[in-house]
Amino acid sequence: MHETRLPTRWTDFDVLGHITHAAYPVYLDEARDAFLTSTVGPFAEFPWVIAHVSIDYKREVPFGVREVVVSTRVAEVGRTSVTFEQEVAGADGVVAAAARSVLVAWDGDARASRPISDDERAKLSH
């Protein structure tokens, strides 16, 4: 499990006094990027596009929380795709949102998906 600590921003909170639903996809994206950079390299070395994201909101994170922790794990590596499971927790460690996402390895020249190499697969599977 890879953990990414992210500071909250003033714009992450809404008039209801908690982190708005629209902030969570940004947290998830930043954590996936941190995970990928630490395993298969930065975007320039392992380009990808998002094919699917689903988020279940479990509880609120109230205004004033200065940091969230995003836990990221690879659930599956397919021929061209990687499925992630992620959780976002507030300062108290309680899960506020759970997500599942699928990204596709990208060939920028062909403008299409590309197979994940054996080397990439090994790095993603650790």
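Here goes a summary of the coordinates provided. (Residues numbered from 1 in each chain as written. Predicted model: local features only at pLDDT ≥ 70, side-chain atom pairs only at ≥ 80, totals over all residues. Heavy atoms only, no water.)

Across its full length, the protein chain carries two helices and six strands. For the protein chain, the succession of helices and strands along the chain, N to C, is β-α-β-β-β-β-β-α. Taken over C-alpha atoms, the radius of gyration comes to 15 Å for the protein chain, in line with the 14 Å a tight globule of 126 residues would show. The dimensions of the protein chain, computed from C-alpha atoms along their principal axes, are 45 × 25 × 20 Å. (Helix = DSSP H or I, 4+ residues; strand = E, 2+ residues; numbered from the N terminus. Rg over C-alpha atoms; globule rule 2.2 N^0.38 Å.)

As a further point, take unusual backbone geometry. Unusually for a residue other than glycine, Arg-111 sits at a positive phi of about 55 degrees. Tracing the backbone shows Arg-111 in the loop between β5 (95-107) and β6 (112-113).

Further remarks concern the side chain of Thr-20. With respect to the secondary-structure elements, Thr-20 resides in the loop between β1 (2-7) and α1 (24-39). When its relative accessible area of 15% is taken as the criterion, Thr-20 is described as buried. The residues contacting Thr-20, other than those within four sequence positions of it, are Thr-11, Asp-12, Phe-13 and Asp-14. (Buried < 20%, exposed > 50% of the residue type's maximum accessible area, 1.4 Å probe, protein only. Contact = heavy atoms within 4.5 Å.)

All right, on to α1 then. Since there are 3.6 residues in each turn of an α-helix, residues three or four apart along the chain are aligned in direction. The end-to-end C-alpha distance of α1 is 23 Å, a good match for the 22 Å that 16 residues give at a rise of 1.5 Å each. Burial in α1 covers these residues: Tyr-24, Tyr-27, Leu-28, Ala-31, Arg-32, Phe-35 and Leu-36. All buried residues of α1 fall inside an arc of 160 degrees around its axis, so they share one side. For α1, the secondary structure elements touched by its buried residues are β1, β2 (48-57), β3 (67-77), β4 (81-89), β5 and α2 (118-125). Gly-41 sits one or two residues past α1 and shows a positive phi near 110 degrees. (Expected span 1.5 Å × (residues − 1). Arc of directions from axis to C-beta.)

All right, on to the pairing of β4 then. In terms of residue burial, β4 counts as a mostly covered element, since seven of its nine residues are buried. Sheet analysis places β3 next to β4, joined by eight bridges and oriented antiparallel. If you follow Val-69 over to β4, its bridge partner there is Ala-89. If you look at the hairpin formed by β3 and β4, you'll find three residues sitting between the two strands. In this structure, β4 lies alongside β5, joined through nine bridges in antiparallel fashion. (Pairing = 2+ DSSP bridges.)

The description of an aromatic ring pair rests on the distance of the ring centres and on the angle between the ring planes. Within this structure, the stated rule accounts for five aromatic pairs. Between the aromatic rings of Tyr-24 and Tyr-27, the centroid separation amounts to 5.8 Å while the plane-to-plane angle is 75 degrees, which identifies the pairing as edge-to-face. Here the residue Tyr-24 and the residue Tyr-27 both occupy positions in helix α1, the gap between them amounting to three residues, near one helical turn. According to the relative accessible area criterion, Tyr-27 is buried, its value standing at 0%. Arranged with centres 5.4 Å apart and planes meeting at 75 degrees, the rings of Tyr-24 and Tyr-57 form a pair that is edge-to-face. Here the residue Tyr-24 occupies a position in helix α1, and Tyr-57 occupies one in strand β2, the gap between them amounting to 33 residues. Its relative accessible area of 3% is what places Tyr-24 among the buried residues. Counting every residue linked through ring pairs, the aromatic cluster contains Tyr-24, Tyr-27 and Tyr-57. (Phe/Tyr/Trp six-rings, centres within 6.5 Å; stacked < 30°, edge-to-face > 60°.)

Keep in mind these values describe shape, not function.
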